[in-house]
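For reference, the chains in residue letters:
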Amino acid sequence: MKSYIIPEFLVDRDDHRCIRCEVCVRQCGFDVHYYDEEDDEVYVDENKCVGCLRCVTLCPTNALVVRENPTQVPGNANWNREVLHNIYKQAETGGVLLTGMGCDKDYRNYWDRITLDASQVTNPSIDPLREPMELRTYLGAKPDALKIGGRKGKASLQTALSPQLRMETPMMFSAISYGAISYNTCECLARAATEMGTYYNTGEGGLHRDLYRYGDHTICQVASGRFGVHADYLEVAAALEIKIGQGAKPGIGGHLPGEKVSAEISRTRMIPEGTDALSPAPHHDIYSIEDLAQLIYALKEATHWEKPVSVKIAAVHNSAAIASGIVRAGADIVAIDGIRGGTGAAPTMIRDNVGIPIELALASVDSRLRDEGIRNRASIVIAGGIRSSADVVKAIALGADAVYIGTAALVALGCHVCQKCYTGTCNWGIATQDPYLTKRLNPEVGTRRLVNLLTGWSHEIMEILGGMGINAIESLRGNRLRLRGVGLTQEELDILGIKHAGA
Amino acid sequence: MVEIDAGQLHYRELNNMVKGAVAEGAEEIVLENIYGQRYIGSGIRKPVRIVVHGVPGNDLGAFMDGPKITVERNAQDGVGNTMNSGVIVVHGRAGDIVAMGMRGGKIFIKDSVGYRAAIHMKEYRKHKPVLVIGGQPQDFLGEYMAGGVVVALGLNGNGNGAKFTAKHIGTGMHGGLIFLRGEVEEYQLGKEAACAPAGEEDIALIRQYVEEYTQLFGGDVEDILGSRFVKLWPKSSRPFGGLYAY
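In this numbering scheme, every chain counts its residues from 1 along its sequence in written order. Here chains are named by letter from A upward and ligands by number from 1 upward, in the order in which they appear as written. In keeping with the model being predicted, local features are shown solely for residues with a pLDDT of at least 70 and side-chain atom pairs are shown and tallied solely at 80 or more, while totals for entire chains, interfaces and linings include all residues. To get the side-chain values, take all heavy atoms of the structure and skip hydrogens and water.

(A) Geometry of the packing of aromatic side chains. Centres within 6.5 Å make a pair out of two Phe, Tyr or Trp rings, where for Trp the six-membered ring is used; the pair is then stacked when the planes are under 30 degrees apart, edge-to-face when over 60, and tilted otherwise. Here the structure, examined in full by the defined rule, presents six aromatic pairs over all chains. Plain terms: the ring middles of Tyr 34 of chain A and Tyr 43 of chain A are 5.9 Å apart, the flat faces sit at 40° to each other, and that makes the pair tilted. Under the scheme applied here, a residue whose accessible area is under 20% of the maximum for its type counts as buried, over 50% as exposed, and between as partly exposed, the area being computed with a 1.4 Å probe on protein chains only. Accessibility expressed as a relative area gives 42% for Tyr 34 of chain A, which makes it partly exposed. Owing to a relative accessible area of 31%, Tyr 43 of chain A belongs among the partly exposed residues under this scheme. Aromatic side chains Tyr 297 of chain A and Trp 305 of chain A sit 5.6 Å apart centroid to centroid with 25° between the ring planes, which places their arrangement in the stacked category. Assessed through its relative accessible area of 24%, Tyr 297 of chain A is described here as partly exposed. One cation-aromatic arrangement involves Arg 12 of chain B over Trp 305 of chain A; the distance from NZ or CZ to the ring centre is 3.3 Å. Here the basic side chain of Arg 116 of chain B rests over the ring of Tyr 287 of chain A, its NZ or CZ set 4.0 Å away from the ring centre. Each ring is checked for a lysine NZ or an arginine CZ that lies within 6 Å of its centre and within 35 degrees of its normal; such an atom marks a charge sitting over the ring.

(B) Summary view of the sheet that holds strand β13 (residues 244–245) of chain B. Following DSSP output, two strands are said to pair if at least two bridges run between them. Put simply, DSSP marks the helices as runs of H or I at least four residues long and the strands as runs of E at least two long, and each gets a number from the N terminus on. Judged by pairing direction, the sheet is mixed, and its three strands sit side by side in the order β19(A)-β5(A)-β13(B) without closing on themselves. One side of each edge strand has no neighbouring strand; the edge strands of this open sheet are β19 (346–347) of chain A together with β13 of chain B. Bridge count for strand β5 (residues 96–99) of chain A against β13 of chain B is two bridges, and the pairing is parallel. Residue Val 96 of chain A lies in a different strand from β13 of chain B, and its bridge partner there is Tyr 244 of chain B. Pairs of residues are marked as contacts when any of their non-hydrogen atoms sit within 4.5 Å. Angles shown run from 0 to 180 degrees and are taken between the N-to-C directions of axes, each axis being a line fitted to C-alpha atoms and, for helices, limited to the stretch in contact. Of the strands in this sheet, β5 of chain A together with β13 of chain B touch helix α3 (residues 81–93) of chain A, which is tilted by about 125° from β5 of chain A.

(C) Quick look at the pairing of strand β14 (residues 239–243) of chain A. Residues and elements named next belong to chain A. A large share of β14 lies buried, amounting to five of its five residues. Here β14 shows two buried faces, one formed by Ala 239, Glu 241 and Lys 243 and the other by Leu 240 and Ile 242. In this sheet, β14 lies alongside strand β13 (residues 218–222) in parallel orientation, the contact comprising four bridges. Paired with Val 222 across the strands is Ile 242, a residue of β14.

(D) Spotlight on the pattern of salt bridges. Residues and elements named next belong to chain A. By convention in these notes, a salt bridge is any Lys or Arg side-chain nitrogen within 4 Å of a carboxyl oxygen on Asp or Glu. Evaluation of the coordinates by the stated rule reveals 53 salt bridges over all chains. Among the salt bridges present, the one from Arg 20 reaches Glu 41, with a minimum N-O distance of 3.9 Å. A residue pair is termed long-range when its members are at least 10 positions apart, and Arg 20 in the loop between β1 (9–13) and α1 (23–27) and Glu 41 in strand β3 (residues 41–44) qualify at 21 residues.

(E) Fine view of the state of the cysteines. All names here are of chain A. When two cysteine sulfur atoms lie within 2.5 Å, the pair is treated as a disulfide. Scanning the entire structure with this criterion turns up zero disulfides over all chains. Residue Cys 188 stays outside any disulfide, its sulfur separated by 9.2 Å from that of Cys 186, the closest cysteine. Using a relative accessible area of 0% as the deciding quantity, one classes Cys 188 as buried. Between Cys 421, a cysteine without a disulfide, and Cys 415, which holds the nearest cysteine sulfur, the sulfur-to-sulfur distance is 6.3 Å.

(F) The interface of chain A and chain B, seen in detail. At the junction of the two partners, chain A supplies 46 residues and chain B supplies 40 residues. As a working definition, buried area equals the accessible area (1.4 Å probe) given up by two parts on being put together, with both sides summed. Buried area between chain A and chain B, summed over both chains or domains, comes out near 3900 Å², and the portion from carbon and sulfur atoms is 57%. Area buried by chain A at its contact with chain B is led by His 284, Gln 294 and Glu 301 of chain A, which between them contribute 18% of it. If you look at where chain A meets chain B, you find five salt bridges. With a shortest N-O distance of 3.1 Å, Glu 235 of chain A and Arg 45 of chain B are connected by a salt bridge. In protein, a polar contact requires one atom able to donate a hydrogen and another able to accept it; more generally it is a pair of N or O atoms within 3.5 Å, and residues adjacent in sequence count only if both atoms are side-chain atoms. The interface formed by chain A and chain B includes 21 residue pairs in polar contact (both at pLDDT 80 or more). Only α3, β5, α5 (231–236), α6 (263–269), β16 (277–279) and α7 (289–302) of chain A provide two or more residues apiece to the side of chain A that touches chain B.

Have a look at this one:
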């Protein structure tokens, strides 16, 4: 069927600069470029270009420019280009529209409408270059009260603490499954988390045996499909996470199509090669909070009560009540993923229209747990569109214990957010299983880039804390008095629990 | 043999004692006066024999990897949830979600099971899970089934095989096999499951499981295997391959 979709991008080649080295030909997994020996020309098929900029970045002579195609169906504010493209595509295929990465709709970004407070004369700021700054964070249930005993001037803690995750910086890498991303990407995340003294999350695709050595820095997910979930997997993890929902697709399950279930994926997920890996949204053993409690305790029992258990949900309007239930069900960590949370593949309409911004969900969950007097019984970790250290600081002031970083980590590895992860042809070697493409991400280099990102952000967090006159991240948690809204309605301010700037 | 009286024990105390006994090298552990304690067998990775006197609670053998558990009476929900290996034998009936996500080992239930048995059962190389149900399964048997074998004998029906009443059997099935002794109507099946009378090869395949069943609970192998069986298998290993627009 002839496609009515006009190419989204144009690829311009400066013929004087092009040396016919064919790097662009080899680099494009979407087969946009091809070399004709007879003509000694490199031609392009612009219909296939996704705008990932791999060719532009690697072209040794800067001969390439990829730009948005100015010729587009006219459309209007209502029937815009994306709407029309979607309809053409569905008229051609009859399928459910898929997309990769997080929601790209222009919903109000509250991080950008919140400013941080700073200290001045009476409560002076702290210089983090000469004063100690504490970013260490512990995730897990905290007791209602501490009993300190001791003898001859030596204090000792008498209260038995629940298992805790100790992290040197309040940032972890989000759950991204092996299958959605390449082995090398998983290795980069695992090694960077280990080096930085924090954690990464396996997602629901199991854990490759070769990565077991990073187990102490691995959070292993248990989702409805239970892929790769077996005794070794549970045992090697530092913590376990029950995945109920994902910000990109609340209420929707996962589906790794059979063609992506390669030999290694099959080994890790423990399913035969080439079969669909279906994980519906509901766990068939969880129909209630009581059932959730049962799975939480089953995991604790299976791992001898040595590991914290997290429960991850997507941010929805009722998150506060759900989080209360999760805490009462015995979870040590509540993870909430907002509407801008990323994904390898989600139905486009779900991704863009279901869920709520994490800022609002976080504020309401933290308030609710405080009101109910159970905030100490679980840590809150949030995810979904954390783009900078400032977002991290604001999240912690709004009530989070720590954040998950997903898209930002992939961007650090080279991702250019072309949103075509679901095709499995990621030219940056990130969201692909094609051995030719996966080699492009060097684990050494990738690890360095991730470590650099977290190091930079950690320094910035210390600077911001110092500016606020705070020397420990613990002191900022839920400290909403240090936040101010700019240009928000009273209702938004009420939900966020912050004052307007100037007040 | 180690004997534990569980009459007054919380499940954590009980399971700690069981794990302790396993650590000390016990080969057989007999649990007396079990009144609904959960997660028995979970987190144990040795082929120890555990005999349960009483009715165990939910998630018996969840994530289990190795033990052989015998229950002398009924069991509740979640028997063998996400089990990796081992054997569970229940001399009565079992509740819902038996063998959910089970990847390896065997489960034998003498009588019927509740809803959602063998949902998401899967297999991998040498791990091939087997669930044998003496009586009737209820609705949603083998949904999203991705591997393994389920045999339902319907022995509490009439002599020549049961009229199964379960619906939505094998919805989304993309691996594994289900054998039902007796009959089942088209409307009871998920649309991803294919169905035909079982042939000689099929009967040969399930013979060993039926033999094990009769050795455990009594009954005549030839009598059982002599009845009509239907076989369900997935129409495709990629049932939802065409669902998306790429």
